[in-house]
Every structure is written in C-alpha cells, then in structure tokens.
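Tertiary structure, described
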Amino acid sequence: MSNIGIVEIFAVIVFFISFYGLITSKNIIKSIASIGIMEIAVIMFFLGIGFFDGMKPPIGPNLENVADPLPQALVITTIIIGITVCAVNLSMLITLCRQLKAADWDIVEKKSSE
Amino acid sequence: MIQIFLIFWLISSLLIIIDKQLIHLIIHLGIFSMVSAVCFFMLAAPDVAMAEAVVSVFTTIVFIVCFEKYYSLVDILVVPDKKAKFFRHLVPIGFTILLIALFFMFIPDVPASTYLKEMYISMFQQDIGGENAVTAIYLGYRVYDTLFEALMLLVSIAAIIHLSWHEKKLDIVDRTESGIGNYNIASATIRVIVPLIVMFSFYLIVNGHISAGGGFQGGALIAVLFICRYIIYHIHDMNIDRIIILEKLVFVLIAIVAIYFIFLGAGSWLSLPQGVYLMVMNLLVGIKIACGFLVMFYRFMVYERR
C-alpha cells in the first residue's frame, strides 16, 4: 500500500463506480457510457504510475526529473481506440432500436426471445 | 492542487451513473472529459490531455445522434417498481465495495520497475530523434502499437459502415433541414475560428516531434474543420468511398515507411537528417486519423440521422 499514490486510489474508485453503473443500469446507452468512463479510469491509473510530485513533462532538450513517457505513449492509442469502440457500440444500438423499438436490457431480452 | 480536480472527476463520474434523466448524460460526459483532460495535463502528460480534449468532441456528436434516434424510435415506458428498490441497490453496492477491498488487499507491494524509462529517456534522441519522448516511443520503439492502432481504426470504420448501411444516394446539399448557417452569431463565430483551427492543426502535426502534439491530435483537429464546414453550410459533397480508399492507401504507406525506416534503417543509408522520419510519420498518421474520423462523422451525422 505504501507505493500507491492518490491518483491511483481515485482511478480505482472511479473504475469500480463505472463497474457498478455497468451492472445496474437498465438502459443500454448508459452501459456504453460506463464502458467509456472505465477506460478513462484505466488511463488515469497508468498515468499515475509514472508520476510523482514535482515531475515535468518528458518534452524538451534537458530531461531531468520527468514523468515516465512509456505509459503516456501507450495510452494515446487507447484514447483513439476508445472513441471508435464507443461509435461501433452506438451504431449497433441504433440498428437494435430500429428493429426492436427498445433500448432497455429487460425489454430487449423479452422481445428478442419471442 | 491535483486532489481538487480528482475530487471533481470523481463527482462527475458519479453524476453520470446516478442521474436518472437520461438526456443529461451528454452534459455530464462533457464535464467528465474536460476534468479528466485537466487531470492528465497536471500528471505531466500534455499529449494525452490534448488527445482526450479533441476526442471528446466526437464523443458528444456520436451520443447526440444516438439520443436523437433513441427518442424518435423507442416508445419509452415508465414502469414504477418501488418494492424491491432497496435490495436491488444493496447487492451491487456491496459487491462493488468487496471488489475495491479485494483490489487494495492484493495489490503488489513493489514499486513499478522503471528501467525502461531511464533507457528510453537517455537513448531516444540518438536512436529516433526529436525532443518529444512520447512521440519517439510510439513512432519508434513501439511502432507496432501505432500500426495495429491504425488497423483497428480501419476495421472499426468498416464495422460502422456495415452496421449503418443505406443504399440510397444522397443529395449534395440538404435543403430540407436548415443548418446552423441561418443563425448569424454561430456562423460568424465559426467562420472566425476555422482559420485558427487550420493553423493549429498543421502546427501540431509538423511540430509533433519537438513539442507536445503529433499526428493523432492534429488529425482529429483536421476532422473538426470539416465538421465546422458541415455545420455552417450543410453541404456533404465528400465522396465517402474515395475517403475510405485514401485511408487504406495511407495505411499501406504508414506500414511501408515504418518498415523501411525502423527495420531496415533507411535513415542512415539515405543520410537524412533526424526528425524527417518523425515528421513524415506524423503527417501520414494525421491524414489517416482525419479520414477515419471524417467517415465516422459523416456516417453518423448524415446517413444515420435520416
């Protein structure tokens, strides 16, 4: 526990808040939004690992006491992937709305089993 | 200082989950994205903060179109069930708290290994070039990440086109719905902003290897430029098939350039100055991202709204 900073603790709490939203939400749109929040929480955790107080961005000619550039390089691609995943999910949802006229988990299950 | 913004971040994420009114989700998501971009900036990651700020524009657009469809297609039923409300919330909350406790109990008590950090920071200026360590890593040491990210974007664009397929040919100028061009304040403001957006996006792409920014952020900003054009004039004369072909060609070019420069070492036997590779790759990645986001935007805004 000693090596965990405040950023990581907040990121874990937000991750599980969005997990709670994912398992309790009745509407599919809210579930998709919860997945987006979850992803940003994971990004925050990754950035928090490589950061300690007083660090500078890893940009410039003299690189002393800078944050870890590796997690930043990893999560930049993750952000772009996140929006495309969100868009694919929502376009699937729109197709579902056209066919079943419903976007709630219960009603969708009931109508698709008929 | 960062604690205050982290508390804001927590509250805005709680608002998204708790708020019963579904349409408020768009505003809460915008607040959440903005606060998380500020937090990323305070965690000494300006590249990530910029990418998050640009990408949240697209999140908002996609969610707005989805809500429009949702309220026009779905007949919303209000089913009041107040009997099992307490127990229905008690079990998931207990389960979530248990998971948080388990996480903090079993997290390893070892500091994260940073030998890669020292190696990258001391070596990247000779190996790859430029002054931005983040760009040097995702275009140099970890170029596979960028390649497969580009492939992933291509595949998901294909999925969006497949899922929202419309055979009907569209008119070039849609006069049936009046655009924002009829409102003077909005259109005048956008006309002032557009040259600044062009300048800033090209600055980000060309200067990506020596300052914060790069292909991802600049490419998304170029897509924002075309979105502004659509919002003012309501013209969609872009041929989507040609944009997709351009995107595929640029993807092949990215792969070729990466193979020649990283695996075969073309920079040394062509005796190019350092930074040329990063600039070329940033430009190609920017075009790729701009094409992908444009197709996504046109699919959602023009085809899906009809």
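Residues numbered from 1 in each chain as written. Chains lettered and ligands numbered in written order. Predicted model: local features only at pLDDT ≥ 70, side-chain atom pairs only at ≥ 80, totals over all residues.

**What about the overall build of chain A?**
- Counting its regular elements, chain A contains four helices and zero strands.
- In chain A, the succession of α and β elements from N to C terminus is α-α-α-α.
- Expressed along its principal axes, the backbone C-alpha trace of chain A runs to roughly 65 × 30 × 15 Å.
- Across the 114 residues that make up chain A, the buried fraction comes to 51%.
- Pairs at least 24 apart in sequence give 52% of the contacts found in chain A among residues at least 6 apart. (Helix = DSSP H or I, 4+ residues; strand = E, 2+ residues; numbered from the N terminus. Buried ≥ 20, exposed ≤ 12 C-beta atoms within 10 Å, placed from the backbone. Contact = placed C-beta atoms within 7 Å.)

**Considerations on the overall build of chain B**
- Secondary structure assignment for chain B yields 12 helices and zero strands.
- Sequence-ordered secondary structure for chain B, helices as α and strands as β, is α-α-α-α-α-α-α-α-α-α-α-α.
- Buried residues in chain B amount to 35% of all 306 residues.
- Once local pairs closer than 6 in sequence are excluded, the contacts in chain B between residues at least 24 apart make up 76%.

**So, the confidence of the model for chain A**
- Of all residues in chain A, 97% attain a pLDDT of 70 or more, and the chain-wide mean is 86.
- Mean pLDDT across the elements of chain A bottoms out in helix H4 (residues 105–113) of chain A (83) and peaks in helix H2 (residues 28–49) of chain A (90). (pLDDT = per-residue confidence, 0-100.)

**Observations concerning the interface of chain A and chain B**
- Taken together, the contact pairs 69 residues of chain A with 72 residues of chain B.
- Mapped onto the side of chain A that touches chain B, the elements with two or more residues apiece are helix H1 (6–24), H2 and helix H3 (69–100) of chain A.
- Ranked by residues supplied to the side of chain A that touches chain B, first place goes to H3 of chain A with 25 residues.
- Taken together, the residues that form the side of chain A that touches chain B break down as 50 nonpolar, 14 polar and five charged. (Nonpolar A, V, L, I, M, F, W, Y, C, P; charged D, E, K, R; others polar.)

**Considering helix H9 (residues 215–233) of chain B**
All names here are of chain B.
- Under the 1.5 Å per step criterion, the end-to-end length of H9 is 28 Å for 19 residues, consistent within 8% with the ideal 27 Å.
- Residues Gly 215, Phe 216, Gln 217, Gly 218, Gly 219, Ala 220, Leu 221, Ile 222, Ala 223 and Val 224 constitute the buried set of H9.
- The first or second residue beyond H9 is His 234, which carries a positive phi of 60°. (Expected span 1.5 Å × (residues − 1).)

**Some remarks on helix H6 (residues 133–141) of chain B**
- Among the nine residues that make up H6 of chain B, nine are buried, leaving the element largely enclosed by the rest of the structure.
- Looking at H6 of chain B, one finds that the buried residues are Ala 133, Val 134, Thr 135, Ala 136, Ile 137, Tyr 138, Leu 139, Gly 140 and Tyr 141 of chain B.
- Taken together, the buried residues of H6 of chain B touch H3 of chain A together with helix H3 (46–73), helix H5 (115–127), helix H7 (143–163), helix H10 (240–263) and helix H12 (276–303) of chain B.

**Considerations on the environment of Ala 133 of chain B**
- Tracing the chain through its elements places Ala 133 of chain B in helix H6.
- Note on Ala 133 of chain B: 28 C-beta atoms within 10 Å, which makes it buried.
- Along the sequence, Ala 133 of chain B and Lys 117 of chain B sit 16 residues apart, while their C-alpha atoms lie 10.0 Å from each other.
- What Ala 133 of chain B contacts, discounting residues up to four positions off in sequence, is Pro 58, Ile 59, Leu 63 and Pro 69 of chain A together with Tyr 120, Ile 121 and Phe 124 of chain B.

**Quick look at the confidence of the model for chain B**
- Averaged over all residues, the pLDDT of chain B is 82; the fraction at 70 or higher stands at 89%.
- For chain B, per-element mean pLDDT is lowest for helix H11 (residues 266–269) of chain B, which scores 72, and highest for helix H2 (residues 25–42) of chain B, which scores 91.

**Some points on unusual backbone geometry**
All names here are of chain A.
- If you check the backbone angles, Asn 65 has positive phi at about 55° while not being a glycine.
- Tracing the sequence through the fold places Asn 65 in the loop between H2 and H3.
- The exposure class of Asn 65 is exposed, given the 10 C-beta atoms found within 10 Å.

**Details of the domain arrangement of chain B**
Residues and elements named next belong to chain B.
- Taken as a whole, chain B is organised into domain 1 (1–110) and domain 2 (131–306).
- Counting from both sides, the interface comprises 13 residues of domain 1 and, opposite them, 15 residues of domain 2.
- The residue inventory of the side of domain 1 that touches domain 2, partitioned by class, reads 10 nonpolar, no polar and three charged. (Domains from an automatic or database assignment.)

**Some details on the environment of Ala 51 of chain B**
- Structurally, the position occupied by Ala 51 of chain B is in helix H3.
- Look at Ala 51 of chain B and you get buried, because 28 C-beta atoms sit within 10 Å.
- The sequence separation of Ala 51 of chain B and Ala 220 of chain B amounts to 169 residues, and the corresponding C-alpha distance is 8.3 Å.
- Ignoring any residue separated from it by four or fewer positions in sequence, one finds Ala 51 of chain B in contact with Ile 76 and Ile 79 of chain A together with Phe 216 and Gln 217 of chain B.

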